[in-house]
Amino acid sequence: MSKNNTMNNLQISTKCIQLGRNSNDQYGFVNAPVYRGSTVIYNTLYDIENRNMKFNYGTSGTPTIENLENAWTELTGAAGTVLAPSGLGAVALALFATTKAGDHILMPDCAYRPSRNFCHDYLEKYGITVEYYDPLIGVDIEKLIKQNTSTIFLESPGSQSFEVQDVPGIVSIAKKYNIKTIIDNTWATPLYFRAHDFGVDISVEAGTKYLGGHSDLLLGMVSANQSTWPALRKAYDGMAMLPGAEDCFLALRGLRTMPLRVKESEKRGLEIAHWLKDRSEVTRVLHPAFPECPGHEYWKRDFKGSTGLFSIILSNEFSKKGLASMLDNFSVFGMGFSWGGFESLIIPFDCSDYRTATKWKPGGLALRLQIGLENLDDIKNDLDEGFKRLRINS
Ligand SMILES: *Cc1c(COP(=O)(O)O)cnc(C)c1O
């Protein structure tokens, strides 16, 4: 928007409406057009020798990309943002920006599994030592710091298992040793957790989830504070892994309704989580807003809200055969990865085969649910029927 000087006083939901567009530059139209492009034409020898254009070539950005980058920078309170073609691409970009051969990095044991794979398959290949830590370690992370530790990665809450981390505690230790911190903040979004306000250097979000919000795009955002921004921008310019223009346009469209959708997901997630808590088939609800969730006290202290993704642990009386009957025959829930769209999803998961710093022993089968925008009674009836199948076939 043109009236950027008044932006600071506005609430975040108003900012989501106003950021990344400027009707005065768009013949009055509300939405910005999609710029596609590789080549930029320079008018004079002076201009081309001095790269004297706002955009120099498609890899360094377009107005469409810049609209989304600037909007995200404002929402996250960062110094700058770069985009990636997926959330995983954003994680990789962040780690490239803060690491080099010979470094030691600390990864939480609850990290999104493809992030772990990236560390194992690529960072280790380039001579970086990757050590996993208990996500609930808090300030005791100090004991794991080595002379060559360059980066502490956080993911809060953890993928699938939902441990909430003591972000300010870990950041205070990192700062003491001049170590960079990166957080995967996909679950909370900047609406409910502004990582840079807690001193985190780089915040990564998968735009595939709540920003896109319609299960029709892949995108990642990486934002950095002032001290880390030059290194992040350099890593981005070095690789030129950028999203397509259409996906940025869809993300800007998603931005307009994101606060509404996230708030509704929170309400629905809580309602279904409480409903599930009362079921005899369920022994535990792993939802950051529930006291039984590991790290709940940090969620209460640091987060402004919760979103529509959480997990449950089933009583150990149920069999895989019962689970198959439950999951194979839902009429509302779909079985699929990703989340943050309009539709309800459910997946089985088991962290025990890849965790290395902690043991995953939930005492029963584990399911992750994303609550969509369907009628809540339909959702409950679908789950109720599923539990009946689980019982009969176990
Ligand atoms: C989905 C997800 C990602 C990756 O996003 P993609 O766009 O699917 O690559 C990263 N981190 C978390 C926590 C996620 O849930």
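As the structure is a computational prediction, the values presented were derived from the model and not from experiment.

Per the secondary structure count, the protein includes 12 helices and 11 strands. A compact globule built from 394 residues should have a C-alpha radius of gyration of about 21 Å, and the protein, at 22 Å, falls within 12% of that. The contacts in the protein between residues at least 6 apart in sequence include a share of 71% that link residues at least 24 apart. Here the protein displays about 17500 Å² of accessible surface, and carbon together with sulfur accounts for 52% of that area. When the 41 positive and 44 negative side-chain charges of the protein are each reduced to one mean point, those points stand 2 Å apart.

Turning our eyes to something else, we now look at the environment of Leu 276. Inspection of the secondary structure assignment puts Leu 276 in helix 9 (residues 245–277). Taking the C-alpha atoms as reference points, Leu 276 and Val 204, 72 residues apart in sequence, are found 31 Å from one another. For Leu 276, the residues in contact, after removing those within four places along its chain, are Val 282, Phe 310, Ile 312, Leu 369, Leu 383 and Phe 387.

Enumeration according to the criterion identifies 24 salt bridges in this entry. Lys 100 serves as the salt-bridge partner of Asp 103, at 3.0 Å between the closest nitrogen and oxygen. Exposure remark for Lys 100: the relative accessible area of 55% places this residue in the exposed category. Here Arg 301 and Asp 166 are joined by a salt bridge, their closest N and O atoms 2.7 Å apart. Remark: Asp 166 occurs in the loop between strand 4 (149–155) and helix 6 (167–176) and Arg 301 occurs in helix 10 (residues 296–302); sequence separation between them is 135 residues. Residue Arg 301 is classed as partly exposed on the basis of its relative accessible area, which comes to 47%. A residue is classified by how much of its surface remains accessible, and Asp 166, at 10% relative accessible area, is buried. A cluster of three or more residues bridged by salt bridges with shared partners is formed by Arg 279, Glu 281, Glu 317, Asp 384, Glu 385, Lys 388 and Arg 391.

Further remarks concern the layout of surface pockets. One number sums up the size of the largest pocket: a volume of about 670 Å³. Taken together, 33 residues make up the lining of the largest pocket; nearest its centre are Tyr 112, Ser 159, Lys 209, Trp 339 and Arg 368. At the level of elements, helix 4 (87–98), helix 5 (113–123), strand 6 (202–206) and strand 10 (345–349) are the ones that each hand at least two residues to the lining of the largest pocket. Its residues placed into classes, the lining of the largest pocket shows 17 nonpolar, eight polar and eight charged. Among the domains, domain 1 (59–254) and domain 2 (257–393) are the pair contributing at least three residues each to the lining of the largest pocket. Counted as a void, the second largest pocket has a volume near 470 Å³. Around the second largest pocket, the lining comprises 21 residues; the ones closest to its centre are Arg 21, Asn 22, Asp 25, Gln 26 and Asn 67. Considered class by class, the residues forming the lining of the second largest pocket number nine nonpolar, seven polar and five charged.

Our next topic: the site of the ligand. Looking at the ligand, there are 13 residues lining it, with Gly 87, Leu 88, Asp 184, Thr 208 and Lys 209 nearest. Thr 208 is positioned with one of its side-chain polar atoms (N or O) 2.5 Å from an oxygen atom of the ligand. Contact between the ligand and Trp 339: an oxygen atom at 3.2 Å from a side-chain N or O atom of the residue. For the ligand, the accessible surface in isolation is 380 Å², of which the surrounding protein chains cover 90%. Using a 2 Å cut-off from the grid points, one finds that the ligand occupies the largest pocket. For the shell around the ligand, the residue count by class is five nonpolar, five polar and three charged.

Attention shifts here to the nonpolar core. Core analysis: the biggest nonpolar cluster contains 56 residues, and Leu 68, Ile 152, Trp 187, Leu 211, Leu 255 and Met 258 have the highest contact counts within it. Every element with two or more residues in this core is listed here: helix 3 (63–76), strand 4, helix 6, helix 7 (189–192), helix 9, helix 10 and strand 9 (309–314). Per element, the largest residue contribution to this core is six residues, and it comes from helix 9. When residues of this core are sorted by domain, at least three fall in each of domain 1 (59–254) and domain 2 (257–393).

About the cut-offs
- Every chain begins its residue count from 1, and numbering advances along the sequence as written.
- A pLDDT threshold of at least 70 governs which residues receive local features in this predicted model, and a stricter bar of 80 or more applies before side-chain atom pairs are shown or counted, although totals over entire chains, interfaces and linings include all residues.
- To obtain the side-chain values, all non-hydrogen atoms of the structure were used and water was disregarded.
- Secondary structure elements are defined from DSSP: runs of H or I of at least 4 residues count as helices, runs of E of at least 2 residues count as strands, and each element is numbered from the N terminus.
- Radius of gyration here uses only the C-alpha atoms, and the compact-globule reference equals 2.2 Å multiplied by the residue count raised to the power 0.38.
- Here, two residues are considered to be in contact whenever any of their heavy atoms come within 4.5 Å of each other.
- Computed with the Shrake-Rupley method and a 1.4 Å probe, the accessible areas treat only the protein chains shown as cover for residues.
- We count Lys and Arg on the positive side and Asp and Glu on the negative side, and we leave His and both chain ends out.
- All charge positions are set by atom: Lys at NZ, Arg at CZ, Asp at CG, Glu at CD.
- By salt bridge we mean one thing: a side-chain nitrogen of Lys or Arg within 4 Å of a carboxyl oxygen of Asp or Glu.
- Whether a residue is buried, partly exposed or exposed follows from its accessible area with a 1.4 Å probe, protein chains only, as a fraction of its type maximum: under 20%, in between, or over 50%, in that order.
- Each cavity reported here is a set of points on a 1 Å grid over the protein atoms alone in which a 1.4 Å probe fits but cannot get out, each pocket an open set with protein on both sides within 12 Å along at least five of seven lines, and each lining residue one with an atom within 4 Å of a point.
- Grid points are joined across faces, edges and corners, and a volume is the space filled by probe spheres set on the points.
- When residue character is reported, Ala, Val, Leu, Ile, Met, Phe, Trp, Tyr, Cys and Pro are called nonpolar, Asp, Glu, Lys and Arg charged, and the others, Gly included, polar.
- Domain borders in the structure are assigned automatically or taken from a domain database.
- Throughout, the term near means that a residue has one or more heavy atoms lying within 4 Å of the molecule or strand in question.
- Polar contacts, as counted here, are pairs of nitrogen or oxygen atoms within 3.5 Å of one another; within protein the pair requires one atom able to donate a hydrogen and one able to accept it, and residues that are adjacent in sequence qualify only if both atoms are side-chain atoms.
- Think of it this way: if more than half of a molecule's atoms are within 2 Å of a pocket's grid points, that molecule is in the pocket or cavity.
- In this text, buried Ala, Val, Leu, Ile, Met, Phe, Trp, Tyr and Cys residues form a nonpolar core when linked through side-chain atoms within 4.5 Å.

Read these as layout, nothing more, since geometry by itself doesn't imply function.
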